[in-house]
Amino acid sequence: MTNSETILRAVHINKSFSDPVHVQVLQDINMSVSRGEFVSITGKSGCGKSTLLYILSTLDTDFTGDLFIDCQPMRGLSEKQLAKVRNEKIGFVFQFHYLLNEFSVLENVMLPALKLNLHTEEEIREHALRKLEILGIKSLADKKANKISGGEKQRVAIARALINNPSIIMCDEPTGNLDKTNSLLVFELFKEITENEGLTLMVVTHDQEFANRTHRIIEMEDGKIL
Amino acid sequence: MNIRLLVRIAFSLLLARWKQSLVAAIGVTFSITMFIALLAFMTGLNDLLDGLILNRTPHIRLFNEIKPNNLQPINHDSLFSKKYNFIRSVKAGNSRQEIYNSQIIIKTLWQDKRIQGVAPKITAQVFFNEGKVNITGIINGIDVEAESRLFSFTDYVVEGNAIDLKNVNNSIILGKGLAEKLLANIGDVVQVTTANQQQFSLKVIGYFQSGLVDIDKVQSFASLSTTQKIVGKPSHYITDIQVRLHDLNAAPSLAKEYAQLFETDAEDIQTANAQFETGSFVRSLISYAVGITLLIVAGFGIYNILNMMIYEKMDSIAILKATGFSGRDVNRIFMVIAVSIGLFGGVIGLGFGFLFSVLIDQIPFNTASLPTITTYPVNYSITFYLIGAVFSIVTTWLAGWAPAQKASKVDPVVIIRGK
Ligand SMILES: Nc1ncnc2c1ncn2[C@@H]1O[C@H](COP(=O)(O)OP(=O)(O)OP(=O)(O)O)[C@@H](O)[C@H]1O
Ligand SMILES: [Mg+2]
């Protein structure tokens, strides 16, 4: 770690579901992630990894405790402001590579940038093409998003997560339904991105091998960080 | 805000489901088409029926009604002024229908800027003698030129030449129904007997057809001077002064004013023909009700398609939200979809509505009672098109409201977790 600037900080985060019975899913989570870090979160199924990730990514606001992204407190922000934070600062890659099937691969990558509206459409197109090129799928740019393979979709989702140069990229089991070769490919991509572009990554994974190769492993059990 | 992007996303979603969207739009098209066609036809019919009356009816009619005087002698007596007086079998005192100083009144009226024209008239009750049978009828003594100019008299003279009333001595134009009863052809002479048992011979020079059969069975027309001769009155004798105004709606207030000024009775067209306004109103009301009902049904179509679309597009909504689109953005995307369907369907509907109106306008419509009408009446008022356009957008807006609201409330965590 060359840089100790804190990108994300969670303080005393608690989360419980009361439906159908009261379950405390997260207990007093305290953690922080610095710029340029590649962090993995591991733990048994059902220990609360995804739940934590949804909270850290501001998608889930129903929790107690405090969350800071780029030193900015998330508590008290409106739904619209949170959407802007996600748009600007967070890139998200889901396990099931959610793409918009109505759009082409290129358009899927461009959408968050078009929403951010910092550059002209032409510039955004070029940025998007470059990201696709880095991920080795530039040739798919004009294909419809539902006409490409699972591994390709996952890479498109990563390109989309990268497009706005976010402060942090969060991934929920990005290699969960990929075969060995593809997961290795994705891992190498992540490694490259963090090292070459100075991005911060937080990845939830079951794959111990994958986790071992990251900078830091956060291990969870029963809603607590070990 | 970045509305263009939202519109772009909306259109992509719309085109991905273009068949259902088209069906929803056709629903709007259908209802707007029917709305326009229905109103055009109904209003055309209204105008026709109203015109039947309004074109031929004076806006204000000045006359002297034969009726008992409101001020009976007992009311003048101070002794009884504080009492409640009952008087029975009061008889009319003035038996004269004549309007006094009619020439001066007409002159005064001509100077009034609010008035389009004035036509004097005499009505005389007579019997037409047909062998042994006497048929009651009415002779209207008219100033042919004024009557034609103000009340389109010539339009309703179906045979013969109206102006001959003036040029041919002792001539008469009979109502078509009356002429048939009398078996009188043009050029024939008919006998009339007045209320005072005077006999006259009049030459038939034409037929008159108003469109109202009951009127055509009793009415006939002669020149003012001929009628004056029949009733045995001097040349200033006039029973009615018919006034046509520039503004029909001013009639009630002007009628009151003239009644006071000229000390005659004055009846305005609204009072005389109240039932026609009611009829028109009810017909319009029905057309609007049917049109709006159709639109509401179309609205439910849009509501359905949007709801369906939202269920199908849950993943897309979750993705949009996770990547930085707010609930309001998602709401707008679906509102754009709804209003686009409404706008598209509505514009085509307006076009079809117009075509439909033109089509109705071509259908032959011949009826003996309406000599001037050859096709179905249609009104092309721009108002219907504006109302149709506004309504199509408003209903689709309302139909889109609830689904869009629902879409904006979709919780991405639930969707992402649900996979
Ligand atoms: N909506 C909910 N209502 C009630 N309980 C829930 C809800 N969502 C999750 N849970 C519970 O919260 C706990 C943590 O769930 P979470 O999805 O975070 O686990 P996870 O660590 O991601 O597991 P996995 O590795 O299988 O993905 C689980 O026990 C789950 O049953
Ligand atoms: Mg999980």
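Starting from 1, residues in each chain are numbered consecutively following that chain's sequence as written. Chain letters start at A and ligand numbers start at 1, both assigned in the order the entries are written. Totals for whole chains, interfaces and linings use every residue, but because this is a predicted model, local features are given only for residues with pLDDT of at least 70 and side-chain atom pairs only at 80 or more, for both listing and counting. Only hydrogens and water are removed before side-chain values are computed, so all heavy atoms of the structure are retained for them.

Observations regarding the overall build of chain A
For clarity, the threshold we go by: A run of H or I in DSSP counts as a helix once it spans at least four residues, and a run of E counts as a strand once it spans at least two, with each numbered from the N terminus. Throughout, the radius of gyration refers to the C-alpha atoms, and the reference size of a globule is 2.2 Å times the residue count to the power 0.38. Between buried and exposed lies partly exposed: a residue is buried under 20% and exposed over 50% of the maximum accessible area for its type, with that area taken using a 1.4 Å probe on protein chains only. What makes two residues a contact is simply this: any of their non-hydrogen atoms within 4.5 Å. Residue exposure ignores everything except the shown protein chains as possible cover, and the areas themselves are Shrake-Rupley values with a 1.4 Å probe.
When helices and strands are tallied, chain A shows seven helices and 10 strands. Relative to the compact-globule value of 17 Å for 226 residues, chain A shows a C-alpha radius of gyration of 17 Å, a close match. Within the span of chain A, comprising 226 residues, buried residues form 54% of the whole. At a minimum sequence separation of 6, the contacts of chain A that also span at least 24 residues come to 72%. If you sum the accessible surface of chain A, you get close to 10,000 Å²; carbon and sulfur atoms cover 47% of it.

Some remarks on the site of ligand 1
To be explicit about the condition: It suffices for a single heavy atom of a residue to lie within 4 Å of a molecule or strand for the residue to be listed as near it. Any N or O atom pair separated by 3.5 Å or less is treated as a polar contact, with the protein-specific requirement of one donor-capable and one acceptor-capable atom, and with residues adjacent in sequence counted only for side-chain atom pairs. Polarity classes work like this: nonpolar for Ala, Val, Leu, Ile, Met, Phe, Trp, Tyr, Cys and Pro, charged for Asp, Glu, Lys and Arg, and polar for all others, with Gly in that last group.
Taken together, 13 residues are adjacent to ligand 1, and Ser45, Lys49, Ser50 and Thr51 of chain A together with Arg417 of chain B come closest. Neighbouring residues of ligand 1 are distributed over chains A and B. Here an oxygen atom of ligand 1 sits 2.5 Å away from a polar atom, N or O, in the side chain of Ser45 of chain A. His206 of chain A is positioned with one of its side-chain polar atoms (N or O) 3.2 Å from an oxygen atom of ligand 1. Against a free-state accessible area of 640 Å², the protein chains account for coverage of 66% of ligand 1. For the shell around ligand 1, the element with the most residues is helix α1 (residues 49-56) of chain A, which contributes three residues. Across the shell around ligand 1, the residue classes break down as three nonpolar, six polar and four charged.

Things to note about the domain arrangement of chain B
Accessible area lost during the coming together of the parts is what is often quoted as the interface size. Quick note on the threshold: Domain ranges listed in this record stem from an automatic or a database domain assignment.
Parsing chain B into structural domains produces domain 1 (3-54 + 276-418) and domain 2 (60-71 + 94-270). Just the C-alpha atoms count here: the centres of domain 1 of chain B and domain 2 of chain B sit 52 Å apart.

A closer look at the interface of chain B and chain A
This is how it is decided: Buried area: the accessible surface (1.4 Å probe) lost by two parts on joining, summed over both. Note on definitions: salt bridges are taken to be side-chain nitrogens of Lys or Arg within 4 Å of carboxyl oxygens of Asp or Glu.
Chain B puts 29 residues into the contact, and the matching count from chain A is 24 residues. Buried surface at the junction of chain B and chain A, both sides included, amounts to about 2,500 Å², of which 62% is carbon and sulfur. For the pair chain B and chain A, the interface holds three salt bridges. Residue Lys313 of chain B pairs with Glu102 of chain A through a salt bridge whose shortest N-O separation is 2.4 Å. Between the two partners, chain B and chain A, sit seven residue pairs in polar contact (both at pLDDT 80 or more). Counting residues per element, the ones that place at least two in the side of chain B that touches chain A are α1 (3-16), α13 (314-322), α14 (327-362) and α16 (412-418) of chain B. In terms of residue class, the side of chain B that touches chain A is built from 13 nonpolar, seven polar and nine charged.

With respect to the sheet that holds strand β5 (residues 72-73) of chain A
Residues and elements named next belong to chain A. Condition: Strands pair, by our definition, only if DSSP identifies at least two bridges between them.
Strand order in this open sheet of four strands is β2-β1-β4-β5, and the pairing throughout is antiparallel. The open sheet has two edge strands, β2 (23-34) and β5, and neither has a second partner. Looking at chain direction, strand β1 (residues 6-17) and β2 are connected through eight bridges and run antiparallel. Directly across from Arg9, in β2, lies its bridge partner Ser32.

Side note on the pairing of β1 of chain A
Residues and elements named next belong to chain A. Taking the residues that link successive antiparallel strands as the turn, the β1-β2 hairpin has five residues. As paired elements, β1 and strand β4 (residues 64-69) share five bridges and run antiparallel to each other. Note that in β4 the partner of Asn14 across the bridge is Thr64.

Some remarks on a nonpolar patch on the surface
Residues and elements named next belong to chain B. Here is the rule we go by: Candidates for patches are residues over 30% relative accessible area with no salt bridge; among them, like charges are joined within 9 Å and nonpolar side chains (Val, Leu, Ile, Met, Phe, Trp, Tyr) within 5 Å.
Taken together, the side chains of Leu15, Trp18, Leu22, Ile26, Phe344, Ile348, Phe352, Phe354, Leu355 and Tyr380 define a hydrophobic patch exposed on the protein surface, amounting to about 990 Å² of accessible area. Where the nonpolar patch is concerned, the elements lending two or more residues are α2 (18-54) and α14. With five residues, the single largest contributor to the nonpolar patch is α14.

Structural notes on the side chain of Ser326 of chain B
Structurally, the position occupied by Ser326 of chain B is in the loop between α13 and α14. Not counting the four nearest positions on each side in its chain, Ser326 of chain B is found in contact with Glu79, Lys80 and Ala83 of chain A.

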